[in-house]
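Per-entry structural report
Next come the chains, spelled out residue by residue.
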Amino acid sequence: MKNVLIVGGSYFVGRVFVEELSKIPGYAIYVMNRGNVPLGIDGINEIRCDRHDAQAMNEAVPSLIWSAVVDFCAYTPDDISTMFSVLPGHAIFHYIFISTASVYAKTNELPVCEGAPKVSRPMPVVHGDYAYNKRLAEEELKRRCRQGNTPWTIFRPTFIYGKHNYAPRESYFFDLILRGETVILPDNGLSLFTFVSVWDVARAIIGCLDNRNVHKRTFILSGKELVSYRRFLEVLGLVTGKDIHTESMSVEEIIGHGIALPFPLDEHLVYCGDRISKDTGFSYMPFTEGMRATYQWYSRVRSNEI
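Everything in this summary refers to the structure shown in the same document. (Residues numbered from 1 in each chain as written. Predicted model: local features only at pLDDT ≥ 70, side-chain atom pairs only at ≥ 80, totals over all residues. Heavy atoms only, no water.)

1. What to know about the layout of surface pockets
Within this model, the second largest pocket holds a volume of roughly 230 Å³. In terms of lining residues, the second largest pocket is bounded by 15 residues, among which Asn 165, Ser 171, Trp 297, Tyr 298 and Val 301 are the most central. Mapped by element, the contributors of at least two residues to the lining of the second largest pocket are helix H5 (170-178) and helix H10 (287-305). In terms of residue class, the lining of the second largest pocket is made up of seven nonpolar, four polar and four charged. (1 Å grid on protein atoms, 1.4 Å probe; cavity = no way out; pocket = protein on both sides within 12 Å on 5 of 7 lines; lining within 4 Å. Points joined across faces, edges and corners; volume = space filled by probe spheres on them. Helix = DSSP H or I, 4+ residues; strand = E, 2+ residues; numbered from the N terminus. Nonpolar A, V, L, I, M, F, W, Y, C, P; charged D, E, K, R; others polar.)

2. A look at the environment of Ser 248
Assignment of secondary structure puts Ser 248 in strand S13 (residues 246-249). Distance in space between the C-alpha atoms of Ser 248 and Asn 188 is 8.7 Å, their sequence separation being 60 residues. Ignoring sequence-local partners within four residues, the contact set of Ser 248 consists of Leu 185, Asp 187 and Arg 230. Engagement of the side chain of Ser 248 in a polar contact is seen with the side chain of Arg 230, the distance being 2.5 Å. (Contact = heavy atoms within 4.5 Å. Polar contact = N/O pair within 3.5 Å; in protein donor to acceptor, adjacent residues only side chain to side chain.)

3. A short note on the state of the cysteines
The final tally for this structure, using the stated rule, is zero disulfides. Residue Cys 113 stays outside any disulfide, its sulfur separated by 4.2 Å from that of Cys 272, the closest cysteine. When its relative accessible area of 35% is taken as the criterion, Cys 113 is described as partly exposed. The exposure class of Cys 272 is buried, given its relative accessible area of 17%. (Disulfide = S-S within 2.5 Å. Buried < 20%, exposed > 50% of the residue type's maximum accessible area, 1.4 Å probe, protein only.)

4. Concerning the packing of aromatic side chains
The geometry of an aromatic ring pair is captured by the separation of the ring centres together with the interplanar angle, meaning the angle of the planes. Inspection of every chain in the model, using the stated rule, returns 28 aromatic pairs. Between Tyr 11 and Tyr 166, the aromatic rings sit 6.1 Å apart at their centres with planes inclined by 80°, giving edge-to-face as the arrangement. Of this pair, Tyr 11 sits in the loop between strand S1 (2-7) and helix H1 (12-21) while Tyr 166 sits in the loop between strand S7 (159-161) and H5; the two residues are 155 residues apart in sequence, bridging distant segments of the chain. A relative accessible area of 46% places Tyr 11 in the partly exposed class. With relative accessibility at 61%, the residue Tyr 166 sits in the exposed group. Ring centres of Tyr 30 and Trp 66 lie 5.3 Å apart, and the angle between their planes is 85°; on these two criteria the pair is classed as edge-to-face. Linking Tyr 30 in strand S2 (residues 27-33) with Trp 66 in the loop between helix H2 (54-60) and strand S4 (68-71), this pair joins segments that are 36 residues apart in sequence. According to the relative accessible area criterion, Trp 66 is buried, its value standing at 1%. (Phe/Tyr/Trp six-rings, centres within 6.5 Å; stacked < 30°, edge-to-face > 60°.)

Geometric values such as these leave the question of function open.
Structure follows, in structure tokens:
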């Protein structure tokens, strides 16, 4: 059996990864998190522990040879250094870190590819230090892995949607649609985005286990389809079968009314996720197919809550 330690793993992407990996024989799966949301999946070893408490981790994490460590919740370089202080480098055959496409600086050169310039300081926006700290965490990971000669892989997903999503993105629109309320859209119609489904992120990570081709490699995870706000609503109309009532407002009006749309109002966030396809043969789920699966899951959860 190959031991895999998953840090995080009870929410959204980590949870779907655990669910999918548990279907594949040959892996002994250990999930370390604070235990606030128990997984309750047969065959999964759950370790209740706070990653910021090195002493607690030393006591809770078994002394095993880890075929892979998959880290979903390192947000600062200290988060990485603490993990390596508990897990000596020679005990890790592969460290996989889930970062974010937000580490890239704003640019007019689109699509953004792996080698594009990164943020160099915290940005003056809400959660502006998130991207910068993620970038610093990436650099700390590389430094620690060099010291222990440990292979690493970094993933930078763009907007993730799908099952277990706790961020009010697609669910924001689903809720409005099912209540029959009007959906407000920016009238400029220019902003374009790329997305990746949570199932694709999970499959991409699984495809990197025991795969030397991904060692010391960074991958943006992003589907190819360019999606505007209006295209997003077109797809939601297809998958829900509902007539969607929309109203256009200027960016200034939307901000003035305090309407919290989930994506930027007046900029493009377009990324290229081709590298992983070239290196591993990975293929992305079509956006409509992924959103249909998302709505089916959302509908089941909503019917259980009623």
